[in-house]
Amino acid sequence: MFEAQEINAEHKDLIHDVAYDYYGDRMATCSSDQYVKVWDHNKDGKWTETSSFKAHSGSVWKVTWAHPEFGQVLATCSFDRTAAVWEEIVGDTPGPGERGTRHWVRRTNLVDSRTSVTDIKFGPKIQGLQLATCSAEGIIRIYEAPDVMNLSQWTLQHEVQCKLACSCLSWNPSLSKMQPQMLAVGSDDANPANGGKVFIYEYSENTRRWTKLETISSITEPVNDISFAPNLGRSFHLLAVATKDVRILHLTPVEDVQSIQSGLTKLEVESVAQFEDHNSTVWRVCWNITGTILATSGDDGCVRMFKMNYIKSWKPVAVLKGDGSHVTSEPQKTAQAIPSGLQMPPLSQTARYFKLGSISQPRDVPWH
Amino acid sequence: MEGDLKTFIIPNDLCRRTGLAASWTPINQMSVFAYEKRNVRQKDGPSNFASSQPSSVFLLRQHVLLFQPILRKLVNESNGAFLNLQGVISDKTLDHKSELLKLSRQYRSIVRACLEDLQDDITKVEGEDKETLQDYITIFYSIECIWHLCEILFVDTIPGNIVLPLLLDWVRFHFPKHERNAANMLSGDLIGLEANPEFWPTVIGSLLQGRVKVVRALLKQHSASDSHVFRLVDQILKAMPVYNVFSGTSVSEFNIQWRHWTVDVQSKIDAKMFVTSPNLNLIMRLVVGEETAWTEIQSHCETWYELLAAWLFYTEPTVKIFEVGQFAKHCITKMRMRNNMKHLDRVLLAAMEFDVLQVIKEIQHMSENGWFVTHLTDLLYHAGKLSNLEKEVETFSAEKLHESFLLDYGSLLMGHKSLWQVGLSYLDFCPTEGLKAIELILPRIPLETEAKTQKILREAKNRELVHVAQSICKVQGMKSLKRGRLGNALTWALKSQDGPFTSFLADKFLHEYTKDGKLASTDLLDNLGSCMLASDRLIFLGKYYEFHKLYQSGEYKEAANLLVSLLASKIIPNYFWYVLFIEAIPLLESEEIVFSSNDTYTIIHCLEEKEDLPELKDKIEILRLAAARNLSRALTYEAQLV
C-alpha cells in the first residue's frame, strides 16, 4: 500500500530530473523551462519552494547534490553545452526562525563541451570534491575543486575520449579509499555495429590516468541511463543499465597475475537479470539506499520496481502508472489538485497524503 | 519470495499522457513525476506539454502500519523480546530450547496485549477508523493464531510426539465461545437448563473441544438427568479412556482400552439404548467416530481446524505430530473447503504439513510490514528449524533468509524519525550486510536537533564507524559556518578531525580579528588544550590568544616572551605579521624592559624579512625606531648585570 503527497512543481514544462539531498530533506527539480527549483520540507512534512532560478539557456537535463560536507551545493547540466555548480548562500539578515534569507549563486560555469552535456555527477566524497560530466560529443570530463572551501575554482583534471556519444554516467560509490575510483558510462549511439554501449573506466594512481577497463559487449542497443548500486559490503559491484530492457550486471574484481602486474582491476562481468517488462525502451534506472530495490521507467509510461531476494535473484514487485481518470473519484485528492501557488498561504502546514488506488490482486506487495 | 505484481495508480492526467519517472529519496520513499525522454539531438525548445498543465511531483511512501501510534508498544516490546532472544542464543550455558519457548510465549503475549489495546480503541471510534482498527485486529488475531500453532509444532518439546492435548488447547484458546457459555450456564440458574436454546449447542461444542467433564456437568443439570439414558451416558463418558503420556500406559495398551470402550459404546448404540434422546444418541455416535454423525455436526465448527482437533480426539487420540497434516487435509475435504481456503487456512495447513518455507512465504503477505515474518523467522532460525531445509531445497540458505528479513525490517524502522534506534538493533544482528547498511543509512538520518545529532554520533562510535561520526561532525561544522557561527563550527571541526577545515576556520577567526580587533568564542579558545594540535593554524590561533590574554592582563614580560617565540616559530600566516608587529610596538616602548637584546634582534630580523609587506609601509619607520631604542636600552641594562 502506498500513499502519496502531491507537490505542485510549478515548472512551465516537463521535469527532467528530481534529486534529493543527502537526508531527503531538500529536493531539486530541473526542467525544459530552463529553471532549477529547490524545495524544502518543514517539520510537518510539507514541501515548499524556497528557490527558483533560471539556470541555463536550454533544457536542464540533470540536477545533483554534493555531499553536505561541502555545504549546500548543486550541479546542473544542460542542452546549452554547459554545466554549472551552484552554492546556496545564507544572507546576513536573519529571517524567520533560524534561517536567514537564502539564494543560490552560480559558482562556476563549465564550458568545455561543444555539445549538449548529458549527465553530471559528483564523485564519492572520500576523493574530495570531484565532478564528472559527459557529453554528446563523446567526452567524459573530470573536474575538481582543489580548495573545497572555494567553489568558484574548478580545474579540468581529465578528458577521456569515449568515441561514441555519451548519454549517462555513474560513479562507483565505493566507501573505501583502498578501491580505485571507477566510472561507468553509457552511450545512446543507435548503431549496433559500433559494439558495446557501456564502458567501465578506472583511475590509476600510478599513471594518473583514467583507463578503460571493460566494454560491455552484451549491450549493443542505445543506453539511456546507468547506475551503480550502493555497496553493501558485497564482493561485486552492482550495475543497472537502462537500454531496450532493464539489465542488472555484477562486476566482480578478479585478482590474477595480469591484473596485479598492470595495476588495473580486472573485472568479470555477469548479467544477473534482464527484464523486458517495460516492453519498450527503458529511460531511467534508480537504486534505493541499500541497493536492494531498483526503480526503472520506460516508454510504456510506467515506473517498475524490482527487488532482490535473499539469494540475490531479482523479481518485479510493483508498478506505478499515471491515470487521470481516477482524479475525480478521490474527493480529498481534488482539493489537493488546486494549485496552491502564490495566491494564498497554505491553510495547513501539515502534509496531506492520500492513498494510491491500485489495480490489484488481493495480496500486498512485499516492498521490503 | 513470491508476491503478485500490483499496479498503483498515480491520479494525474499529465502523468498518463507523458509517462512516469522515479527518483528515490535516501530512505524508503520515492517521488514520481511526469516524464518524457528528450533526445539531445533534437532542437531544444518547449515540449508539447509546456505550460499546458501544472506538473507535479508525487512523493510516495509506503503506508506502514507499524508506524501507527497504537502499535508503538508492539514494536518496542517485541524489540525487547528480540534482543533477549539474541542474548539467550549467545549464552551457551542456557537451555536454548526452553528459553526459546518462553520467548515465543512472550512474543504471543505482546501480540495479545496489542489486540487488547486495539479492542479498547475500537469502541472509541466510528466510521472509517473503526474499519481500519477492525482490519488491524484481523491481522493480529491471525498472527497470534499462526504463532501459537507454530510454537506447538516447531518450538515446543512434545513428549512422545503426542500433540493432541496441545492442539486442543490451541483450538480452545481461539474458540472460547463454548467454554464461556458453559461457564455462564453452570454458574447461573441451574433449573431447567435445557430450556436455554444454547444448551445443546454448548454441550456438543464442549464435547468437540474434548471437555468431557464439562459435558457431564451440563448433562447433570438436565431435568431428565436421573433417567436411565442420562445415567448411562454419564457412565460411558466417565469411563472414556484418556491418553496421558506420563501415565505409564503404552500407546498399544491404550489403543486396546480405547477399542474395548468404543466397541462397548457401539453395541449400546446398536441396541438402540439411546434412541429416546436424539441428542444423547448423537453424542454417542460422535464419540465412536461414526462418519454420518460427524457430517451432521460439521456445521457446529466454524473452521476446519476446529473439526480437526475434535475428530482426532475421538478417532485418533494418540495421533503423532507428523501425522497431523494428512488428517488436516482430510478435514478440509470433508468440509468442502479445498477451493475456498483463505490465507489463514493456507498458512495453518502449511504449518501442519511441516512446510516451514511455505509458512514463511505466506506470512510475508500479512500487511504488517514484515513484523511477523521477521520475528517468527528469527525464532525458527534459532530453534534450528530452517537449517534442515537447506538439504531439501536447492539454493536455500537459512542464514541468508534470516538476515534478509532482519535487514528489511531494520531498514524500514531506520526510516522512521523516532524508531531509527530500534531499527539499528536489528541491523546489528545481520552478520554480513548489517554494518554496511548502518554505514549507509545512519549518516543520512536528518540531524534535526543537537540531541539527536549526539545520539547518532554515539551510535556511530559504538559501532566504531569513525568516518561516519567524523563526516557528521564535518557537516555540522559546515552548517554552523554557513550560519556565521564560527565558534560552533570550530567545535565541530575539531570533532571531525578535519585538518584543512580546522585551519580554514582558524584563519576565519584571525581574519575577523584583523578586521575588528575582537576575538570571538574566547571560551572555546580558552579550553582548546591538546585539540590545538589539529592544525598549525589552530596552534597559532591558540598561542596568539594566550599572548592576547597576557597582554590584556598586563603581564608584559610573559606576553613579550610568547610573542618572540611566535615570531621565531614560522607558523604565522602572512596576513597576520602586520598585527603582531603593531602589537609589539607598545611592548618595545614599555617603561619596563620586556625584550632582551636577543629578543630584539629576532624582532629586527623578522622585520627585515617582511619589510616588503604593503600594509607595513607606513609603520616600518616607527617599528625600526622602537626596536633600535629598545635594543639600546636592553644592551645598557644587560651590560650593568655583567
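Treat the numbers as computed from the prediction; the structure is a model and nothing was measured.

1. Notes on the overall build of chain A
A tally of helices and strands in chain A yields two helices and 27 strands. Within chain A, the fraction of its 368 residues that count as buried is 57%. Across chain A, contacts joining residues at least 24 apart in sequence account for 46% of those joining residues at least 6 apart. Entry remark: accessible area of chain A is about 14,800 Å², with carbon and sulfur atoms responsible for 49%.

2. Comments concerning the overall build of chain B
When you go through chain B residue by residue, the secondary structure sums to 31 helices and four strands. Taken against the 2.2 N^0.38 rule, which gives 26 Å for 642 residues, the C-alpha radius of gyration of chain B at 42 Å runs more than 25% over that of a compact globule. Expressed along its principal axes, the backbone C-alpha trace of chain B runs to roughly 145 × 75 × 55 Å. The buried share of chain B, reckoned over its 642 residues, is 54%.

3. Quick notes on the sheet that holds strand 3 (residues 29-34) of chain B
Backbone hydrogen bonds hold the strands of a sheet together, and the pairing may be parallel or antiparallel. Strand order in the open sheet formed by five strands is 26(A)-1(A)-4(B)-3(B)-2(B), with antiparallel pairing between adjacent strands. In the strand order of this sheet, the two ends are held by strand 26 (354-355) of chain A together with strand 2 (20-24) of chain B, each with one partner.

4. Structural notes on the UniProt feature "repeat: WD" (unreviewed entry) in chain A
Residues and elements named next belong to chain A. Here, the residues flagged by UniProt with the feature "repeat: WD" (unreviewed entry) are residues 8-40, 53-87 and 275-309. For residues 8-40, the end-to-end C-alpha separation is 13 Å, with 0% helix and 58% strand making up the annotated structure. What you have in residues 53-87 is 0% helix and 54% strand, and the ends, taken at the C-alpha atoms, are 12 Å apart.

5. Some thoughts on helix 25 (residues 499-516) of chain B
All names here are of chain B. An ideal rise of 1.5 Å per residue puts 26 Å on 18 residues; helix 25 measures up with 26 Å between its terminal C-alpha atoms. Residues Phe 501, Thr 502, Ser 503, Leu 505, Ala 506, Asp 507, Phe 509, Leu 510 and Tyr 513 constitute the buried set of helix 25. Each element contacted by the buried residues of helix 25 is listed here: helix 23 (466-482), helix 24 (486-496), helix 27 (536-552) and helix 29 (577-588). Sitting at the head of helix 25, Asp 498 places a side-chain oxygen 3.0 Å from the backbone nitrogen of Phe 501.

6. Observations concerning unusual backbone geometry
Phi is mostly negative for residues that are not glycine, and the peptide bonds are mostly trans. Residue and element names in this part refer to chain B. With a phi close to 65°, Thr 395 is a non-glycine residue in the positive phi region. Relative to the elements of secondary structure, Thr 395 occurs in the loop between helix 18 (389-392) and helix 19 (398-414). A relative accessible area of 53% means that Thr 395 is categorised as exposed.

7. Here's the deal with the pattern of salt bridges
Residues and elements named next belong to chain B. Applying the stated criterion to the full structure yields 51 salt bridges over all chains. Across the pair Arg 17 and Asp 13 runs a salt bridge whose closest N-O atoms are separated by 3.6 Å. Of this pair, Arg 17 and Asp 13 both sit in helix 1 (residues 13-18), separated by four residues, roughly a single helical turn. Since its relative accessible area comes to 39%, Arg 17 is described here as partly exposed. By relative accessible area, which is 26% here, Asp 13 ends up partly exposed. Where Arg 285 meets Glu 296, a salt bridge forms, and the shortest distance between an N and an O atom there is 2.9 Å. Placement of Arg 285 in helix 11 (residues 278-287) and of Glu 296 in helix 12 (residues 291-297) is noted, with a sequence separation of 11 residues between them. Residue class for Glu 296 comes out partly exposed when judged on its relative accessible area of 46%. Where salt bridges share partners, they join Arg 105, Arg 108, Arg 112, Glu 144 and Glu 151 into one cluster.

8. Topic: the confidence of the model for chain A
All names here are of chain A. In the predicted model, chain A carries a mean pLDDT of 87, and the fraction of residues at 70 or more is 88%. Per-element confidence in chain A is highest for strand 18 (residues 225-228), whose mean pLDDT is 98, and lowest for helix 2 (residues 331-337), whose mean pLDDT is 36. Low pLDDT, under 50, characterises residues 361-368; the stretch is placed with 34 contacts to residues that sit more than four places away or in other chains.

9. A few points about the packing of helix 28 (residues 556-569) of chain B against helix 29 of chain B
Residues and elements named next belong to chain B. As a packed pair, helix 28 and helix 29 sit with axes 11 Å apart at the nearest point and diverge in direction by 150°. In the crossing of helix 28 with helix 29, the sense of the turn from one axis to the other is left-handed. Across the interface between the two elements, Tyr 556, Ala 560, Leu 563 and Leu 567 from helix 28 touch Trp 577, Leu 580, Ala 584 and Leu 587 from helix 29. Residues of the contact of helix 28 with helix 29, tallied by class, amount to eight nonpolar, no polar and no charged.

10. Details of the interface of chain A and chain B
At the interface, 101 residues of chain A touch 89 residues of chain B. When chain A packs against chain B, close to 9,300 Å² is buried across both sides, 61% of that on carbon and sulfur atoms. One can count four salt bridges joining chain A with chain B. The tally of links between chain A and chain B comes to 25 residue pairs in polar contact (both at pLDDT 80 or more).

11. A closer look at the nonpolar core
Residues and elements named next belong to chain B. Membership of the largest hydrophobic core comes to 164 residues, with the highest contact counts inside it found for Phe 140, Trp 170, Met 284, Val 287, Trp 304 and Met 352. The dominant element in this core, judged by the number of residues it contributes, is helix 4 (residues 127-155), at 15 residues. Once residues within four sequence positions are removed from consideration, Trp 304 is found in contact with Ala 328, Cys 331, Ile 332, Met 335, Met 337, Met 341, Asp 345, Leu 348, Leu 349 and Met 352. Core analysis: the next-biggest nonpolar cluster, separate from the first, contains 53 residues, Leu 490, Leu 494, Ile 603 and Leu 623 among them.

12. Section: the side chain of Ser 204 of chain A
All names here are of chain A. Tracing the chain through its elements places Ser 204 in strand 16 (residues 198-204). The class for Ser 204 is buried, based on a relative accessible area of 9%. At 3.1 Å, the side chain of Ser 204 and the side chain of Thr 207 are in polar contact.

13. A few points about the pairing of strand 6 (residues 60-65) of chain A
Residues and elements named next belong to chain A. Burial runs high along strand 6: six of the six residues are buried. Two elements, strand 6 and strand 7 (residues 73-78), share five bridges in a ladder whose sense is antiparallel. Bridge pairing in strand 7 links Lys 62 to Cys 77.

14. Describing a negative patch on the surface
A surface patch of like charges, here negative, comprises Glu 128, Asp 129, Glu 131 and Asp 135 of chain B. Looking at where Asp 135 of chain B falls in the secondary structure, it is placed in helix 4.

15. Focus on the domain arrangement of chain B
Residues and elements named next belong to chain B. We note that the domain assignment places domain 1 (7-61), domain 2 (69-157 + 365-427) and domain 3 (166-321) within chain B. On a C-alpha basis, the centres of domain 2 and domain 3 stand 37 Å from each other. Counting residues at the interface gives nine residues for domain 2 and six residues for domain 3. Of the roughly 830 Å² buried at the junction of domain 2 and domain 3 (both faces included), carbon and sulfur atoms supply 73%. On the domain 2 side of the interface with domain 3, the three residues burying the most area are Cys 145, His 148 and Ile 152, jointly 46% of the side's total. Seen at the junction of domain 2 and domain 3, the total is zero salt bridges.

What counts and what doesn't
- Residues numbered from 1 in each chain as written.
- Chains lettered and ligands numbered in written order.
- Predicted model: local features only at pLDDT ≥ 70, side-chain atom pairs only at ≥ 80, totals over all residues.
- Heavy atoms only, no water.
- Helix = DSSP H or I, 4+ residues; strand = E, 2+ residues; numbered from the N terminus.
- Buried < 20%, exposed > 50% of the residue type's maximum accessible area, 1.4 Å probe, protein only.
- Contact = heavy atoms within 4.5 Å.
- Areas by Shrake-Rupley, 256 points an atom, 1.4 Å probe, with all protein chains shown as cover.
- Rg over C-alpha atoms; globule rule 2.2 N^0.38 Å.
- Pairing = 2+ DSSP bridges.
- UniProt positions renumbered as here; feature names shortened; annotations may be inferred.
- Expected span 1.5 Å × (residues − 1).
- Polar contact = N/O pair within 3.5 Å; in protein donor to acceptor, adjacent residues only side chain to side chain.
- Salt bridge = Lys/Arg side-chain N within 4 Å of Asp/Glu carboxyl O.
- pLDDT = per-residue confidence, 0-100.
- Axes fitted to C-alpha atoms, helices over the stretch in contact; angles between N-to-C directions.
- Left-handed = near helix turned anticlockwise from the far one by under 90°.
- Nonpolar A, V, L, I, M, F, W, Y, C, P; charged D, E, K, R; others polar.
- Buried area = accessible area lost by both parts, 1.4 Å probe.
- Core = buried A, V, L, I, M, F, W, Y, C linked by side-chain atoms within 4.5 Å.
- Patch = residues over 30% accessible without salt bridge, like charges linked within 9 Å, V, L, I, M, F, W, Y side chains within 5 Å.
- Lys, Arg positive; Asp, Glu negative; His and termini not counted.
- Charge placed at Lys NZ, Arg CZ, Asp CG, Glu CD.
- Domains from an automatic or database assignment.

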